[in-house]
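Chain and residue survey
The lines below spell out each chain.
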Amino acid sequence: MILLERALIDLLLNVFTREELNAFLRSPQNTATIIGCLIAISGALLGSFLLLRGMSLTSDAISHTVLLGIVVAFLLMTEVFGMEGDTSSPWLIIGASLAGVGTVVLTELLFRSGLVRQDAALGLAFPLLFAIAIILVSRFAEDVHLDEDAVLVGEIGLAWANTNSHCYQHCDSVTITPEHPAATLARQCSNCRELGISPRDDGAEFVEICGNCGVYSPARAWSAGLLQNQPHLVFFPKSITVTLVMGLLSVCFVVIFYKELKLTTFDAGLAKALGFRPGLMNYGLMILVSLVAVGAFDAVGSILVIAFFIIPPAAAYLLTDRLSLMLLLSPIIGAAGAVFGYDLARGQLFGIWDVGAAIAFINQSLGLDLPARWDSSISASMVLMIFLFFLLAWVLSPRYGLISTFVRRLHQNRRFQNQVVLAHIHNHQDTERREVELRVDTLHLHFRWQPEKMRRVLARLRVMGLVRMVDQLVELTERGDAHVHEFRKVMLATHNVPDLD
Amino acid sequence: MNDKVSSALSVGDLTVAYRSKPAIWDIDLDVPEGVLMAIVGPNGAGKSTLIKAVLNLIPRAAGAVSFYGKPYERARSLVGYVPQRGSVDWDFPTSVLDVVTMGLYGKLGWLRRPGRQQREQALQALDDVGLTDLVDRQISQLSGGQQQRTFLARALVQDAQIYFMDEPFAAVDAITERAIVNILHQLKERGKTVIVVHHDLQTVEDYFDWVTLLNVEIIATGPTADVFTPDNLGRTYGGRMTYLSDGQLMPVGD
Amino acid sequence: MPGSTVKAKLRSDDHRVWLPVIIIVLLGLIFLALSQAVFGVRYTFTVRVVALGGAVLGVISGVLGCFAVLRRESLMGDALSHAALPGVALAFLLAGRDLSVLLIGAGIGSWIALRFVSAVLSTTRIKQDAAMGIVLAGWFAAGIALLTYIQSIPDASQAGLDHFIFGQAAAIVESDIELISIVGVVVLIALALFWKEFKLVTFDPEFASANGFRVGFINTMLSTLVVVAIVLGLQLAGVILMVGMLIAPAIAARQWTRRLNQMVILAGVFGAFSGGIGAVISAFDSDIPTGPTIIVVAFALVVFSITLAPGRGLLWSAWRQRLDRRRFAALNTLRDLYRYAIAHGGARTPVPDDFLRGIDDRGAALGLRQLKSAGRVEFGDGGWQLTQSGVELAEGALHNLRLWELYRLYADELALPMLQEDRQRDIRERLPADAIAALESRLEGRQS
């Protein structure tokens with residue numbers, strides 16, 4: 001992890017100066033946006049396959065359990081192995097991911113028992129695991145450094161402050177021993193408590209305690225004033241590294257196994273017959289989803305993360321039919337949500353619209369007294385922004401959007417009405433019942449249509465030259481006749497495909 | 001639409017579309033009272049769609065339907081319905097007797113509960129279909145044929161004049177098949193009209209006295225002897241027919 | 001007359017349901033005694049109020065959860081409960097912290113979410129799971145954003161809105177109980193009045209529609225009741241875990257019974273148990289959040305029911321499977337051996353071990369062991385070989401199968417008694433001799 005970070009910084013230092021880099025990363029906005037984008041990209045890539053497999057809510061199950069994995073792994077690390085707890089530790093990430101995959105397997109087992117349906121199995125399993133995690137969090141809150149707020153929304157706004165320092169010049173680490181001139185020494189009574197006496201009493205024994213001994217990294221040494229030369233440091237937020245690794249893993253996974261993923265998603269049976277392993281692909285996907293959920297936990301908590309998996313692919317799915325395009329569009333939508341979401345949390349919508357103004361308006365019109373400064377959760381705002389993009393796609397998509405669908409329906413309905421009437425005339429015009437069936441003034445009754453509607457359709461057909469009126473009866477023109485034969489042929493052809501089920 | 005009151009079902013210019021694609025197309029159909037009618041046609045021909053549209057279960061694009069000269073809203077108590085067996089969840093926690101009693105809910109109307117009398121009626125219907133021993137079974141423990149007979153009993157308690165059955169013979173055992181046929185004949189003797197979506201061309205002539213050949217449009221309708229001809233079948237199935245050695249017909253790939 | 005036997009059977013079936021009810025009551029008493037004697041809990045007025053509130057809320061969510069589970073809408077419950085949060089926050093912003101106002105807000109939030117899901121489903125090709133995920137995440141994010149905004153309002157922090165996230169039983173006071181009970185009674189009365197309609201529409205909406213019931217209306221009514229149950233339960237379980245409170249009692253109840261009415265009653269009992277006990281436990285100590293505790297109690301009931309419920313439980317079916325495997329292993333293996341041998345040359349052709357194990361490893365091993373000790377097969381010549389007595393037995397079994405097939409075809413024609421088919425059993429044990437004779441003559445007629 002550290003090495004990777006170092007390599008990354010080396011790369012960046014070729015382009016930027018150290019000061020520029022530090023200043024850039026110290027801005028909460030920059031760090032939060034980068035982390036948000038990285039989570040959005042990995043989530044959207046994996047989520048696209050989840051969506052197409054009808055497994056979107058599996059990400060929900062995984063993200064809930066991942067919390068339990070994190071808490072248990074954290075407690076194990078600190079209480080049992082005596083390590084320092086750190087939510088970006090690789091051990092913790094691996095442990096928690098395994099827990100995530102474990103849930104999927106467990107719900108599968110619960111479902112296979114045949115006693116509980118799949119939706120109920122999921123609906124049972126994840127509240128339970130989440131509940132256990134919350135109980136542990138509130139019992140051991142001090143040990144796990146987590147509170148319920150962090151679980152819900154994460155701390156993406158503070159990610160810039162949780163850094164690893166990397167030193168490039170004047171990298172002297174300092175070790176302070178009790179002999180060191182800077183050591184602060186104090187005498188402490190070693191047997192007072194045991195004997196129940198005060199340090200001033202006789203028989204009290206003393207030991208010397210060094211208050212600040214230990215090994216000082218260059219960064220700490222400098223801030224403690226132990227160094228003459230300021231070390232050249234780069235402070236790199238840990239969350240960026242973690243989410244970057246997750247992002248790279250997801251991209252690599254999707255690029256390398258693109259063909260396999262595609263085939264197992266659309267036709268698991270065929271994939272199996274061709275020697276691919278659908279089960280293996282499935283578990284690979286689950287493992288990556290778990291990894292991303294764990295990696296994103298610090299930043300966005302364990303519930304909002306599912307938005308990054310589900311919503312951008314759903315929006316992209318409304319915009320395109322092609323998998324490759326979907327894999328391109330959904331990360332863009334997610335990343336755009338992260339970028340604009342940060343502004344939304346500070347009260348700015350796309351930089352043109354001020355939430356404060358809206359609140360002022362509400363105050364005015366409803367006679368309320370709400371504070372005009374809108375300052376809210378960054379991660380939640382990012383999700384809201386992604387959701388807004390989904391709404392836009394839903395309304396405006398050129399192919400599947402509400403508007404274009406409405407226009408197309410209207411057009412199809414017209415054509416369909418034309419065809420219904422033409423077919424009716426065709427069926428009856430050479431029979432003895434034509435006097436009953438084809439009278440212009442009663443034609444609408446046969447269809448149970450409003451007279452107005454029938455008049456419109458007939459007018460349209462006459463303009464198109466498909467029907468004509470003879471003695472109050474409608475009949476097909478030659479063109480109309482040809483038209484009927486044409487669409488009947490098409491229609492019957494599409495219906496008569498041999499169906500071998 | 002039709003002024004002949006003797007017809008049990010009269011359909012005029014009925015068209016149904018899924019997303020503006022026609023599923024059935026300008027259907028005109030008159031079914032006389034007291035016949036056993038099969039609706040026959042290839043997969044995707046709109047057989048079930050026709051029944052569902054007639055019963056107002058799916059919206060119609062155009063057309064009118066009347067039962068004994070009355071529109072559906074006023075003729076509801078005259079109509080009994082046996083849906084496809086696969087359309088419900090057979091793991092639902094309820095008993096055979098309970099399912100059959102559901103056939104009477106429509107007559108009871110809002111707020112009234114089924115009582116002793118409804119129970120007796122349901123038991124009688126179960127006796128008619130040969131399920132007396134199983135009245136208390138949970139429905140998931142029934143075989144496919146028994147499930148079908150349960151549905152049949154549920155329609156019988158409705159005591160309707162005209163029955164619609166959606167593929168009652170699909171994947172049932174021989175006992176059930178015979179039981180259903182017996183019921184069909186009893187219904188006919190009591191002057192009821194029965195309309196059945198049917199798949200098996202071999203048995204059409206044995207079981208039904210009236211037949212409608214459907215492939216999106218009506219190909220032919222009338223007494224089985226007149227209508228169920230190789231020529232009409234060929235038109236219905238678009239030429240995909242083979243003749244078996246004993247002169248019977250089979251649709252290819254069915 | 002079939003009626004009398006039916007009545008007898010119904011009565012014996014009813015008894016089974018008393019078993020879990022008795023168990024639950026006993027468990028509740030044990031908890032009461034233990035908590036007083038061992039943990040020194042004193043049931044003060046406040047604790048009693050909390051327990052009562054928890055139990056009433058548990059009954060309501062358990063009862064309506066049955067319909068959510070049977071309509072396969074468990075996860076919809078999850079989405080709807082998350083979706084209540086922005087409603088709560090907006091209601092607080094616009095109208096203050098009165099509980100009934102907050103609940104109405106929550107209800108409106110969930111209800112809009114419900115409509116949103118059906119709008120997405122009916123106008124796009126997005127499937128239900130993704131639609132619910134979108135609603136869940138989008139609404140929850142809106143709720144969180146509003147809550148963080150509310151925290152910036154002076155003296156809004158004690159509004160207790162975060163109780164709605166994880167539930168807080170200790171916050172239930174006497175006046176809340178009144179509200180909860182009134183709404184709860186209204187919900188239960190509505191359920192009783194429209195019981196017949198709800199059952200029919202849940203089981204077979206198409207048939208209901210053909211019978212003139214307004215299915216859309218009834219469905220909306222039922223969904224609205226489920227939303228009301230969710231909204232009420234939020235104080236107890238919180239938005240995130242509410243789905244567990246909704247469906248766990250129903251799933252547990254489903255294992256014990258085959259009747260909807262019994263399932264609903266039992267789910268109410270289970271819900272009351274988990275709600276009441278969970279609320280009391282968490283009221284002892286402010287460190288224990290209510291929602292999670294209730295969920296753990298409710299899930300314990302599910303595990304208990306899934307393993308132990310008579311007839312359906314895992315222990316029972318494992319036992320039955322074991323018996324079946326033992327009973328039929330030899331016969332199945334013999335049949336497989338015989339078919340393979342006939343197809344590959346003759347009844348005594350050796351059959352490779354791999355073939356049998358490929359079909360059913362454990363069954364084959366068991367079957368071969370039984371057959372070998374009975375002297376029906378031998379191992380040799382690179383495979384398993386039937387002995388003479390083995391061949392006879394196999395032919396007998398095959399004959400039995402043929403008779404069953406004929407029974408299926410001609411039972412009606414020959415007026416044979418109706419039987420539940422069980423092809424593993426000897427048909428001669430099940431049918432009278434003259435019926436067997438009739439079938440045998442058919443078989444001869446066919447073979448000649």
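By convention here, each chain's residues receive numbers from 1 onward along its written sequence. A letter from A marks each chain and a number from 1 marks each ligand, given out in the order of writing. It should be noted that, the model being predicted, local features are given only for residues of pLDDT at least 70 and side-chain atom pairs only at 80 or more, the latter also being counted only at that level, while totals for whole chains, interfaces and linings use all residues. Note that water and hydrogens are dropped before the side-chain values are worked out from all heavy atoms of the structure.

**Some words on the confidence of the model for chain A**
A score from 0 to 100, pLDDT tells how confident the predictor is in each residue. When pLDDT is averaged along chain A, the result is 81; 95% of the residues meet or exceed 70. Helix H7 (residues 141–144) of chain A is the least confidently modelled element of chain A, averaging 62 in pLDDT, while helix H15 (residues 305–319) of chain A averages 93, the highest of any element. Secondary structure elements are defined from DSSP: runs of H or I of at least 4 residues count as helices, runs of E of at least 2 residues count as strands, and each element is numbered from the N terminus.

**Quick notes on the sheet that holds strand E9 (residues 217–223) of chain B**
Residues and elements named next belong to chain B. Pairs of strands are assigned from DSSP output, requiring at least two bridges between the strands. Read from one edge of the open sheet, six strands run E5-E6-E7-E3-E8-E9, paired in mixed fashion. Two strands lie at the open edges of the sheet, namely strand E5 (79–82) and E9, each paired on one side alone. For this sheet, the mean angle separating the axes of adjacent strands, direction not counted, is 15 degrees. Inspection of the sheet shows strand E8 (residues 210–215) paired to E9 by six bridges, in the antiparallel sense. The residue of E9 that forms the bridge with Leu214 is Ile218. With axes taken as lines fitted to C-alpha atoms, and helix axes fitted only over the stretch in contact, angles between N-to-C directions fall between 0 and 180 degrees.

**Remarks on helix H6 (residues 144–156) of chain B**
All names here are of chain B. The first and last C-alpha atoms of H6 sit 19 Å apart over 13 residues, in line with the 18 Å expected at 1.5 Å per residue. For H6, the buried fraction is high: 12 of the 13 residues fall into the buried class. Per-residue accessibility, obtained with a 1.4 Å probe over protein chains only, is compared with the maximum for each type, and a residue is labelled buried under 20%, exposed over 50%, and partly exposed between these values. Buried residues of H6: Gly145, Gln146, Gln147, Gln148, Arg149, Thr150, Phe151, Leu152, Ala153, Arg154, Ala155 and Leu156, and no others. Multiplying 1.5 Å by the helix residue count minus one yields the expected span of that helix.

**Observations concerning the interface of chain A and chain C**
The contact criterion used throughout is that any non-hydrogen atoms of two residues lie within 4.5 Å. Taken together, the contacts link 60 residues of chain A with 59 residues of chain C. When two components associate, each loses some accessible surface as probed by a 1.4 Å sphere; the sum of these losses over both components is called the buried area. Of the roughly 5100 Å² buried between chain A and chain C, counting both surfaces, carbon and sulfur atoms make up 76%. We define a salt bridge as a side-chain nitrogen of Lys or Arg found within 4 Å of a carboxyl oxygen belonging to Asp or Glu. Counting the contacts that link chain A with chain C gives one salt bridge. Between Asp321(A) and Arg125(C) there is a salt bridge, with the nearest N and O atoms lying 2.8 Å from each other.

**Considerations on unusual backbone geometry**
The backbone of Asp13(B) sits at a positive phi, close to 50 degrees, despite the residue not being glycine. For Asp13(B), a relative accessible area of 0% puts it in the buried group.

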